[in-house]
Amino acid sequence: MSRHIIKINPDYERFRPQIESIVRHGMPDGAEVIYRGRNTLYRLRMGDSAVIVKEFGRPNAVNAFVYTTLRRSKARRSYENAERMRGLGFESPEPIAWGETREGLKLTGSCYICTELKGATEMRHWEEFPFADTLLPAFAAEIHRLHQAGVWHKDFSPGNILFTGDAARGYTFHYVDLNRMRFGVHSRSRLMSMFRSINLDRGETARLARLYAAAAGEDANAVEREALRQLEGYFREKERKRRFKKLLHHRH
């Protein structure tokens, strides 16, 4: 028999009937699919608000037990990490709710609901922005601020970082996909690993690293070497995975 666990932000208690229906019965008719992959993102309206629902893919047999016994589910981590980030003074869409469906000790479904972030642009391909010369120093200073706060974002990729504003008003950075994070981290190597896939162009990674050094008051050459070492590690890992998949393909 299925059991449902639902946590709702008290500020959004008025949406409880819709939230419980989503967790118990699935997405309503009319929900707009805005991304479909391993997880699915939907946009829909709750009252006068546009919200985003992230429906996580069903975990494999091992993780179905892990996420109910040893670790929090991705949905719960997304909600709690967004709360933590906002509490530290960083921007993330406001968390509305998380929900889980369990059968015994197995997690069979989960979702995270947050407000929609409108008018923001992904950091992807920042080198193509005509205003990159003002955006990048602000972003480098933001990374340093994250590090000073002990925030280690393990999936610090350009698609998970958005910005609003401009050079005149200043830039504000917003973070999504927060289920892979740690707080209270002050290990230099872990924090610098956030450079490993922020941009796959070596020149752009070096550029950002030198701006980070300026914001942190550190040696630019040393920081550039650290950042490029992280990027090279990312490339090596991707190559290892590619070779492993090729080996498995040949064996089968």
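Residues numbered from 1 in each chain as written. Predicted model: local features only at pLDDT ≥ 70, side-chain atom pairs only at ≥ 80, totals over all residues. Heavy atoms only, no water.

Colleague: Whenever I open this one, the overall build of the chain confuses me. Can you help?
Modeller: Each helix and strand in the chain was counted, giving seven helices and eleven strands. In terms of overall dimensions, the chain is globule-like: its C-alpha atoms have a radius of gyration of 20 Å, near the 18 Å expected for 252 residues. Dimensions along the principal axes, computed over C-alpha positions, put the chain at roughly 60 × 55 × 30 Å. Classification of the 252 residues of the chain by burial places 44% in the buried group. For the chain, long-range pairs separated by at least 24 residues make up 63% of all intrachain contacts whose partners lie at least 6 apart in sequence. Per element, the accessible surface of the chain, about 13700 Å² overall, is 48% carbon and sulfur. Across the chain, 44 positive and 31 negative side-chain charges occur, with their mean positions spaced 8 Å apart. (Helix = DSSP H or I, 4+ residues; strand = E, 2+ residues; numbered from the N terminus. Rg over C-alpha atoms; globule rule 2.2 N^0.38 Å. Buried < 20%, exposed > 50% of the residue type's maximum accessible area, 1.4 Å probe, protein only. Contact = heavy atoms within 4.5 Å. Areas by Shrake-Rupley, 256 points an atom, 1.4 Å probe, with all protein chains shown as cover. Lys, Arg positive; Asp, Glu negative; His and termini not counted. Charge placed at Lys NZ, Arg CZ, Asp CG, Glu CD.)

Colleague: Would you mind showing me how to read the pairing of strand β10 (residues 170–175) here?
Modeller: In summary, the side chains of a regular strand alternate between the two faces of the sheet. As paired strands, strand β9 (residues 161–166) and β10 are joined by six bridges and run antiparallel to one another. In the strand pairing of β10, T164 is matched with T172. (Pairing = 2+ DSSP bridges.)

Colleague: Where do I start with helix α4 (residues 132–148) in this structure?
Modeller: Since the α-helix advances by 3.6 residues per turn, residues separated by three or four positions end up pointing in the same direction. Taking 1.5 Å of rise per residue, 17 residues should cover 24 Å, and α4 covers 24 Å from first to last C-alpha, within 8% of that figure. Looking only at α4, the buried set comprises A132, L135, L136, F139, A140, E142, I143, H144, L146 and H147. Those residues of α4 hidden inside the fold are in contact with α3 (74–87), β9, β10, α5 (188–192) and α6 (202–216). Directly beyond the C-terminal end of α4, a positive phi value near 75 degrees is found at G150. (Expected span 1.5 Å × (residues − 1).)

Colleague: Would you explain the side chain of S78 in this entry?
Modeller: Mapped onto the elements, S78 comes out in helix α3. The exposure class of S78 is buried, given its relative accessible area of 4%. Here K74 takes part through its backbone oxygen, which lies 2.8 Å from a polar atom of the side chain of S78. Leave out the neighbours within four places in its chain, and S78 touches F56, Y112 and N179. (Polar contact = N/O pair within 3.5 Å; in protein donor to acceptor, adjacent residues only side chain to side chain.)

Colleague: I keep staring at the sheet that holds strand β2 (residues 32–36) and nothing clicks. Help me out?
Modeller: Two modes of strand pairing occur in sheets, parallel and antiparallel, and in both the strands are linked by backbone hydrogen bonds. Taken in spatial order, the six strands line up as β1-β5-β6-β4-β3-β2 in an open sheet, and their pairing is antiparallel. With one partner strand each, in any of the chains shown, β1 (2–8) and β2 form the two edges of the open sheet. Within this sheet the neighbouring strands show an average axis-to-axis angle of 20 degrees, counted without direction. Here β2 runs beside strand β3 (residues 40–46); their pairing, made up of four bridges, is antiparallel. Bridge pairing links Y35 to L41 in β3. Together, β5 (95–103) and β6 (106–115) form the strand contacts of helix α2 (residues 61–69), whose direction differs from that of β6 by roughly 65 degrees. Against the sheet, α3 makes contact with β1, β4 (49–56), β5 and β6, and its axis sits at roughly 160 degrees relative to β5, the strand it touches most. (Axes fitted to C-alpha atoms, helices over the stretch in contact; angles between N-to-C directions.)

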